[in-house]
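What follows is the residue order along each chain.
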Amino acid sequence: QKEVEQNSGPLSVPEGAIASLNCTYSDRGSQSFFWYRQYSGKSPELIMFIYSNGDKEDGRFTAQLNKASQYVSLLIRDSQPSDSATYLCAEYSGAGSYQLTFGKGTKLSVIP
Amino acid sequence: EAQVTQNPRYLITVTGKKLTVTCSQNMNHEYMSWYRQDPGLGLRQIYYSMNVEVTDKGDVPEGYKVSRKEKRNFPLILESPSPNQTSLYFCASSPGTALRKLFFGSGTQLSVL
C-alpha cells in the first residue's frame, strides 16, 4: 500500500519566518504531488502541485520535489498568522490508479 | 458559482439505519470521489468514479456503496451504518483524471450511535 508520511507537528514558527513542511512517499512511480491547506473544520483547498524535480514557486509558496530521495517539501515565506492550518501532502500515481493518497497532515501555527 | 454541494452537513443516526449522503457538482467534472477523515488517520479514499456508470474502490470501501447514474451526482450510501463509520466525509470532484485540482465539498459530519 502506498504511503505518504508527514510529521504531524505542531510546527510553530514566528510571524515573518519561513515555515518548512516536509513529506516523503513510498511509491517510486508517483507522478504528481500536491499540497493542500485545511483550516480547522473546513475542507481542504489546493495550494499547489509539482511533478518535475526541482522547485516551483507561487507567491510566498515554494514546492520542492526530489524524486531520487522520494521527498517533497513546501516552504512558506513571510509566514502570517492566517497561514496557521493543517497542510496535507498528497501523491498521484496515475497509470490507471486514479487515486490521490494523502498524508496525515502537518499542523502549522504561526505565532504573531 | 462553481461548487461541490454535500448534504446534510451534520447527521446523527443509529446503528443499522440506512442513510445516503448526497454530493452534486455543477462544473461538469468527470471525476468524483468520496473521502473520510479521522483524527490521526488523515484523508482516506472510499470510492471514486471516472465517469457515469464507472466506479472503483478506494482504500477503505467496506460498508459503503456508491452510484454514478448522472455526471453531476455521486451519492454515498451506508446500507447498515456502524459506530466505526462515525467520521467527517468529504466529496470531491476534478475536471480530469490527472487530478491537478480537486474541488472539495464542505463536508458531512456523521455520528453513528
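To start, this report covers the structure provided alongside it. (Residues numbered from 1 in each chain as written. Chains lettered and ligands numbered in written order. Predicted model: local features only at pLDDT ≥ 70, side-chain atom pairs only at ≥ 80, totals over all residues. Heavy atoms only, no water.)

## Focus: the overall build of chain A
Phase 1: The helix and strand inventory of chain A stands at 0 helices and 11 strands.
Phase 2: Listed N to C, the secondary structure of chain A is β-β-β-β-β-β-β-β-β-β-β in terms of helices and strands.
Phase 3: Expressed along its principal axes, the backbone C-alpha trace of chain A runs to roughly 45 × 30 × 20 Å.
Phase 4: Across the 112 residues that make up chain A, the buried fraction comes to 46%.
Phase 5: Look at the contacts in chain A between residues 6 or more apart in sequence, and 55% of them connect residues 24 or more apart.
Phase 6: Accessible surface, chain A as shown: approximately 5,200 Å² in total, 47% of it carbon and sulfur.
Phase 7: Here chain A contributes 10 positively and 11 negatively charged side chains, and the mean placements of these two sets differ by 4 Å. (Helix = DSSP H or I, 4+ residues; strand = E, 2+ residues; numbered from the N terminus. Buried < 20%, exposed > 50% of the residue type's maximum accessible area, 1.4 Å probe, protein only. Contact = heavy atoms within 4.5 Å. Areas by Shrake-Rupley, 256 points an atom, 1.4 Å probe, with all protein chains shown as cover. Lys, Arg positive; Asp, Glu negative; His and termini not counted. Charge placed at Lys NZ, Arg CZ, Asp CG, Glu CD.)

## Quick look at the sheet that holds strand 1 (residues 4-6) of chain A
Residue and element names in this part refer to chain A.
Phase 1: Spatial ordering of the open sheet is given by 1-3-8-7-6, a layout of 5 strands whose pairing is antiparallel. Every other strand in the sheet has two partners, leaving strand 1 and strand 6 (54-58) as the edge strands with one partner each. Each neighbouring strand pair of the sheet contributes to a mean axis angle of 20°, computed without reference to strand direction.
Phase 2: Across 6 bridges, strand 3 (residues 19-25) lies against strand 8 (residues 71-76) in antiparallel orientation. Paired with Thr24 across the bridge in strand 8 is Tyr71. (Pairing = 2+ DSSP bridges. Axes fitted to C-alpha atoms, helices over the stretch in contact; angles between N-to-C directions.)

## Some words on the interface of chain B and chain A
By convention, interface size is frequently given as the accessible area that disappears when the constituent parts associate.
Phase 1: The interface of chain B with chain A comprises 24 residues on the first partner and 21 residues on the second.
Phase 2: Of all residues in chain B, the largest losses of buried area upon contact with chain A belong to Leu43, Leu99 and Arg100 of chain B, amounting jointly to 30% of the total for that side.
Phase 3: Where chain B packs against chain A, one counts 0 salt bridges.
Phase 4: Counting residues per element, the ones that place at least two in the side of chain B that touches chain A are strand 4 (31-38) and strand 5 (42-51) of chain B.
Phase 5: Of all the elements, strand 5 of chain B adds the most residues to the side of chain B that touches chain A, at 5 residues.
Phase 6: For the side of chain B that touches chain A, a count of residues per class yields 11 nonpolar, 8 polar and 5 charged. (Buried area = accessible area lost by both parts, 1.4 Å probe. Salt bridge = Lys/Arg side-chain N within 4 Å of Asp/Glu carboxyl O. Nonpolar A, V, L, I, M, F, W, Y, C, P; charged D, E, K, R; others polar.)

## Quick word on a nonpolar patch on the surface
Residues and elements named next belong to chain B.
Phase 1: On the surface, a nonpolar cluster with roughly 330 Å² of combined accessible area is contributed by Ile12, Val14 and Leu113.
Phase 2: Mapping Ile12 onto the fold places it in strand 2 (residues 10-13).
Phase 3: Judged by its relative accessible area of 63%, Ile12 is exposed. (Patch = residues over 30% accessible without salt bridge, like charges linked within 9 Å, V, L, I, M, F, W, Y side chains within 5 Å.)

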